[in-house]
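Given next are the chains, with one letter for each unit.
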Amino acid sequence: MAQTFGKPTITGWAGIGAQVFEVRVKNTDGTAYDLTGMTVTVSGSRDSVYLLESVACTLSATPTDGTITFTPSSGEIADAGAIECQLRIDNGGAIAFTFPFILDILAVQYSAGA
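Quick caveat: nothing in here was measured; it's all calculated off a predicted structure. (Residues numbered from 1 in each chain as written. Predicted model: local features only at pLDDT ≥ 70, side-chain atom pairs only at ≥ 80, totals over all residues. Heavy atoms only, no water.)

K.L.:
An account of the packing of aromatic side chains is needed here, citing residue identities and associated values.
P.N.:
Counted by the stated rule, this structure contains three aromatic pairs. Taken together, a centroid distance of 4.7 Å and an interplanar angle of 85° make the contact between Y33 and F97 edge-to-face. A residue pair is termed long-range when its members are at least 10 positions apart, and Y33 in the loop between β2 (21-24) and β3 (39-46) and F97 in strand β8 (residues 94-106) qualify at 64 residues. Comparing Y33 with F97 shows no difference in burial state: the two are buried. Each residue in the set F21, F70 and F101 is aromatic and connected to the rest through ring pairs, giving one cluster. (Phe/Tyr/Trp six-rings, centres within 6.5 Å; stacked < 30°, edge-to-face > 60°. Helix = DSSP H or I, 4+ residues; strand = E, 2+ residues; numbered from the N terminus. Buried < 20%, exposed > 50% of the residue type's maximum accessible area, 1.4 Å probe, protein only.)

In structure tokens, the structure reads:
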């Protein structure tokens, strides 16, 4: 059974669309979790308000490597701050497990130049 210790953090930038975030799900022994035949979504909230709701994830071309990607819209990650997220891994209608992580959205900083 897959398990995570603590919550890993993924970092992105506020308001920038088409950012592709990657998560590698592993078993407790460090081996990749086999996602063959699974459906994966991600949801996340900040201050009890859902910003990401069942965003579809894409499995890698080799689902046995445990890698998924997801791409929230710029509106879903418009504001800086931490989003408490859960991957929901569904095995044909039964939840295999959920995987918690933090999506840390940083404010974009521009330089006025020299």
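K.L.:
Kindly report on the pattern of salt bridges, identifying the contributing residues and their values.
P.N.:
Using the criterion set out here, one finds three salt bridges in the structure. Between R24 and E22 there is a salt bridge, and its shortest N-O distance comes to 3.1 Å. Its relative accessible area of 41% is what places E22 among the partly exposed residues. We note a salt bridge from D90 to R88, for which the minimum N-O separation is 3.6 Å. With a relative accessible area of 14%, D90 lands in the buried category. (Salt bridge = Lys/Arg side-chain N within 4 Å of Asp/Glu carboxyl O.)

K.L.:
I'd like to hear about unusual backbone geometry, residue by residue, with values.
P.N.:
Look at D47: it is not a glycine, yet its phi comes out positive at around 55°. Mapped onto the elements, D47 comes out in the loop between β3 and β4 (49-56). You will see that S54, though not glycine, has its phi angle at about 50°, which is positive. Mapping S54 onto the fold places it in strand β4.

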